Amino acid sequence: AKKKGRGGYRFYSPDMTRAASRRVRVEAELRRSLDERTLAVHFQPQVKLSTGDVVGAEALVRWRHPEWGWVSPGHFIPVAERTGMIHPLGREVLRAACVHASRWRSEGLQRVAVNLSPVQLEGEGLEEELRESLAEADLPPEALELEVTEEVFLRDPDRASRVLSRFREQGIQVAIDDFGTGYSSLAYLKVLPVDRLKMDRSFVQSLPDDSQDVAITQSVATLARELGLEVVAEGVETCAQARFLRETGVQQAQGFLYGAALPPERWEGILNLSR
Ligand code: C2E
Ligand code: CA
Ligand code: CA
Ligand code: CA
C-alpha cells in the first residue's frame, strides 16, 4: 500500500488511483513474466545501403501478456527501470543477443546491437554480465554493440564516459541511439569516441521532402564522416528515404522497409537471401 505522504490522500483523484493501480498491475505481471521467462527477444535487420546486405540486428524485447496481448516496450521498460526489473530483463536480452549473434556470424552477420538503459549503466555488475554473456556464447566483443541514448551523458557524464570507454577498450562497440533528440551538447563525442550514430526516426520520417530534415541529415552525415563514425538511419519506411540517405552518405539503415523485428526462428532465411 502507498505510504501516506505529507498531503495524505487528499490529492488523489479517482483517475490517479486507477492509474496507480494499473501501474501496480503492470509491475506485478511483468515480474511474473520475468520469473516465468516468457519475455521474448526479437531482432530487426540493419542493412548496408550500398549493397542491401543485412549487416546487423537490433535486439528488441517483446512481451505478450496472456490477456493484454502485446505490450509495447515503450510502456513497460519505464516500469522495469523504476522497479529495478530492468537488470534481470536486460540480462536476458543480452544473453539472447549474444547467443544469436554467435550463430548468425557464420552466416555473415557482423554484429548484434542491444539497448542499454541508463539505469543498467548506473548499476553494478554490468561489466561482469557482459563478460559472461560473451564468454557463454563464445562471441568476440567486436560483434556486440551497445546502444545508449544521449541521456546517459546528461545524467552522469563522467561515469558514462568511464564505463563506456572501458567497454570499448575490450572491443565492444558503442552506438548513440536516437541521435539528435537528446538536447545534449556534442562534446561527449570527443570524450567518448563512439562507433556509430543512430539517426532518430523523427528526422527520417519526412525525407526527402522536408528541407529541415534534409539539412539535419546532411549535417549528421558530414559530422559523422569528419569524426570517422558510421550512421545508421532509423525508421526507414520508403525507397525514396533510402535513396536519399544513400546519396547523402549514410551507410546503413533500419526500418520497416527492410523488416520489423522478427523472432529468431524467422531469421534463418534472411541472411542467406541477402548474399
Ligand atoms: P528504439 O531503441 O529507438 O527502437 C526502435 C523502435 O522503432 C522499435 O520499437 C522498433 O520496432 C521501431 N521501429 C523500427 N523500424 C521502424 C519503422 O520503420 N517505423 C516505425 N514507425 N517504427 C519502427 P519498439 O520495439 O516498440 O521499442 C521501443 C523502445 O523501447 C526502443 O526504442 C527502446 O528504447 C526500448 N527497448 C526495446 N527493447 C529494449 C530492450 O531490450 N532494452 C531496453 N533497455 N530498451 C528497449
Ligand atoms: Ca535502439
Ligand atoms: Ca532509436
Ligand atoms: Ca526511440
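Predicted, not measured: the structure shown is a model, and the values here were computed from it. (Residues numbered from 1 in each chain as written. Chains lettered and ligands numbered in written order. Predicted model: local features only at pLDDT ≥ 70, side-chain atom pairs only at ≥ 80, totals over all residues. Heavy atoms only, no water.)

Draft legend 1. Examining the site of ligand 1 more closely. As a matter of local geometry, ligand 1 sits amid 20 residues, with Gln 44, Arg 62, Asp 177, Glu 237 and Phe 256 nearest to it. In this structure, Asn 115 approaches ligand 1 through a side-chain N or O atom, which is 3.1 Å from an oxygen atom. Glu 237 has a polar side-chain atom sitting 2.5 Å from a nitrogen atom of ligand 1. With the chains in place, 80% of the 800 Å² that ligand 1 exposes on its own is no longer accessible. Looking at the shell around ligand 1 residue by residue, the class counts come to seven nonpolar, six polar and seven charged. (Near = heavy atom within 4 Å. Polar contact = N/O pair within 3.5 Å; in protein donor to acceptor, adjacent residues only side chain to side chain. Areas by Shrake-Rupley, 256 points an atom, 1.4 Å probe, with all protein chains shown as cover. Nonpolar A, V, L, I, M, F, W, Y, C, P; charged D, E, K, R; others polar.)

Draft legend 2. Structural detail: the packing of aromatic side chains. Counted under the stated rule, the structure contains five aromatic pairs. Seen in terms of ring centroids, Trp 63 and Trp 68 are 6.0 Å apart; in terms of plane orientation they differ by 75°. Their pairing is edge-to-face. With a relative accessible area of 34%, Trp 68 lands in the partly exposed category. Pairing Trp 104 with Trp 267 gives two aromatic rings, centres 4.7 Å apart and planes at 15°, and the pair type is stacked. On the criterion of sequence distance, the pair formed by Trp 104 in helix α3 (residues 86-105) and Trp 267 in the loop between β9 (252-253) and α12 (268-273) is long-range, its members being 163 residues apart. With a relative accessible area of 1%, Trp 104 lands in the buried category. By relative accessible area, Trp 267 is classed as buried at 0%. Ring pairs connect the aromatic residues Phe 43, Trp 104 and Trp 267, which therefore count as one cluster. (Phe/Tyr/Trp six-rings, centres within 6.5 Å; stacked < 30°, edge-to-face > 60°. Buried < 20%, exposed > 50% of the residue type's maximum accessible area, 1.4 Å probe, protein only. Helix = DSSP H or I, 4+ residues; strand = E, 2+ residues; numbered from the N terminus.)

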